[in-house]
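Residue-level structure breakdown
Take a look at the letters that make up each chain.
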Amino acid sequence: MNLSDYKKEFLTYLNKEIQIKEPKNLYEPIHYILQIGGKRLRPILTLVSAHFFNGDYKKALPAALAIEVFHNFTLVHDDIMDEAPIRRGKTTVHKKWNLNTGILSGDAMMLHTNQLMEAYDDEFKELMVLFNKTALEVCEGQQYDVDFETRTDVTINEYIKMITYKTAVLVACSLKMGAIIAGANKVDANSIYYYGLNLGIAFQLQDDYLDTFGDQATFGKLIGGDILENKKTFLYLKLLKVISEDDKKILLNYFSTTEKSDKKINTVTLLYSKYKIPALVKEEITYYTKRSYKNLGDSSITEDGKLFFTKLGDELLNRTV
């Protein structure tokens, strides 16, 4: 099977499990957010991990869906917090319906993840311990992200911790869940976890890069959104280390206001380019991707599995969406 085959199997399962039912105003937004696309990377990783640790990937389908529902739950609530109008090129849930619907439907999604995990017997406790730990870390990461918007002393190490919690731990969890369901030993389950953790950091760094330098038509989100929200991304923090005093005043002036204008986006983007920040970000992406390959090499996953996950990392370095 190739990646598209796993995605097809997953989407078939998702469409069977996620139905619009009464009350319609609760379940229709859930169906909407789960149907408007997305890479489906995390659930596919769960299935592939189970397969390459010599398990039945179909047994991992409920866990894969739990991961996808949880991920989309975080997107619904993140969009509310960020006041974002667009998600995957479509209107966000709280804009299409209303704020209260976005909150309540998101809550229902979180609870549905727990129901999906009830499909497991022997693995249930281990899966739930991992999942709950991960879910709480994602919330912590989101809070760090919010806090950073009003702080002026954020460090690069703090930023890496924030994206590790907000993004990378869920990628790592997806892979480890597949390994657990397949009956992998603890060493292998932990190795694939840290492969996912480092790959997830690289993934988020690439996402931050694309937020400023991507194409809105393919990226699916508003370009420059991080700049408008005064997010202290890796690009911003790296720029602070090399920028001249005169340019720094311009940068800090924009990031001290709530101005949301094309001029703000264009000015900050030009500063990033002037100080060659895109190249520095790509170096960091390469660093974490190589770390993930080292973690992968520490596992006894099949050679086909190592080839697949190495290729996935290579594609991450060159993605545009």
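Up top is the structure.
Summarised in this report is the structure supplied together with it. Since the model is a prediction, treat every value here as computed from it, not as a measurement. (Residues numbered from 1 in each chain as written. Predicted model: local features only at pLDDT ≥ 70, side-chain atom pairs only at ≥ 80, totals over all residues. Heavy atoms only, no water.)

1. Some points on the overall build of the protein
Across its full length, the protein carries 16 helices and 2 strands. Expected size for 321 residues packed as a compact globule is a radius of gyration near 20 Å; at 20 Å, the protein falls within 12% of this value. Across its three principal directions, the C-alpha atoms of the protein cover 60 × 50 × 30 Å. Within the protein, buried positions represent 54% of all 321 residues. In the protein, the share of contacts with a sequence separation of at least 24, taken over all contacts with a separation of at least 6, comes to 73%. As presented, the protein carries roughly 14,900 Å² of accessible surface, and 52% of it is formed by carbon and sulfur atoms. For the protein, the separation between the mean place of its 41 positive charges and that of its 43 negative charges on side chains is 2 Å. (Helix = DSSP H or I, 4+ residues; strand = E, 2+ residues; numbered from the N terminus. Rg over C-alpha atoms; globule rule 2.2 N^0.38 Å. Buried < 20%, exposed > 50% of the residue type's maximum accessible area, 1.4 Å probe, protein only. Contact = heavy atoms within 4.5 Å. Areas by Shrake-Rupley, 256 points an atom, 1.4 Å probe, with all protein chains shown as cover. Lys, Arg positive; Asp, Glu negative; His and termini not counted. Charge placed at Lys NZ, Arg CZ, Asp CG, Glu CD.)

2. Let's talk about the environment of Ile-18
You can see Ile-18 is positioned in the loop between α1 (3-17) and α2 (24-35). Expressed as a C-alpha distance, the spacing of Ile-18 and Leu-34, which sit 16 residues apart in the sequence, is 8.3 Å. The residues contacting Ile-18, other than those within four sequence positions of it, are Ile-30, His-31, Leu-34, Leu-65, Val-69 and His-112.

3. With respect to the nonpolar core
Within the largest apolar cluster, 101 residues are counted, with the highest numbers of intra-cluster contacts made by Ile-192, Tyr-272 and Phe-309. Here this core gets 17 residues from one element, more than from any other, and that element is helix α8 (residues 156-182). (Core = buried A, V, L, I, M, F, W, Y, C linked by side-chain atoms within 4.5 Å.)

4. Here's the deal with the packing of aromatic side chains
Counting across every chain of the model gives 15 aromatic pairs. An angle of 45° between the planes, with centres 6.5 Å apart, marks the rings of Tyr-159 and Phe-234 as tilted. Taken together, the residues span a long stretch of sequence, with Tyr-159 in helix α8 and Phe-234 in helix α12 (residues 234-242) at a distance of 75 residues. Summarising the burial analysis for this pair, Tyr-159 and Phe-234 share the class buried. Among the aromatic side chains, those forming a connected cluster through ring pairs are Phe-52, Tyr-195, Phe-308 and Phe-309. Geometry around Trp-97 places Lys-96 over its ring, the cationic atom sitting 5.6 Å from the centre. (Phe/Tyr/Trp six-rings, centres within 6.5 Å; stacked < 30°, edge-to-face > 60°. Lys NZ or Arg CZ within 6 Å of the ring centre and 35° of its normal.)

5. Description of α1
Because each turn of an α-helix spans 3.6 residues, side chains separated by three or four positions end up pointing in the same direction. In this model, α1 (15 residues) spans 21 Å end to end at C-alpha, consistent with the 21 Å of a helix rising 1.5 Å per residue. Buried residues of α1: Tyr-6, Phe-10, Tyr-13 and Leu-14, and no others. Here the buried residues of α1 occupy an arc of 100° about the axis, which is enough to place them on one side. Turned more than 90 degrees away from the buried face of α1 sit Lys-8, Thr-12 and Lys-16, all of them exposed. (Expected span 1.5 Å × (residues − 1). Arc of directions from axis to C-beta.)

6. Details of the environment of Gly-200
As for its position among the elements, Gly-200 is in helix α9 (residues 186-213). Considered as a pair, Gly-200 and Thr-164 are 36 residues apart in the sequence and their alpha carbons are 7.3 Å apart. Apart from the residues lying within four places of it in its own chain, the contact partners of Gly-200 are Thr-167, Ala-168 and Val-171.

7. Thoughts on the pattern of salt bridges
Counted under the stated rule, the structure contains 15 salt bridges. In this structure, Glu-17 engages Lys-16 in a salt bridge whose closest nitrogen and oxygen atoms are separated by 3.9 Å. Taken together, the shared-partner salt bridges connect Asp-82, Asp-145, Lys-166 and Lys-231 into one network. (Salt bridge = Lys/Arg side-chain N within 4 Å of Asp/Glu carboxyl O.)

8. Considerations on unusual backbone geometry
Along the chain, Glu-22 connects to Pro-23 via a cis peptide bond; the corresponding omega equals -5°. Mapped onto the fold, Pro-23 is located in the loop between α1 and α2. You will see that Arg-40, though not glycine, has its phi angle at about 60°, which is positive. Structurally, Arg-40 is set in the loop between α2 and α3 (41-52). Residue class for Arg-40 comes out buried when judged on its relative accessible area of 6%. One non-glycine residue, Arg-88, lies in the positive phi region at around 55°.

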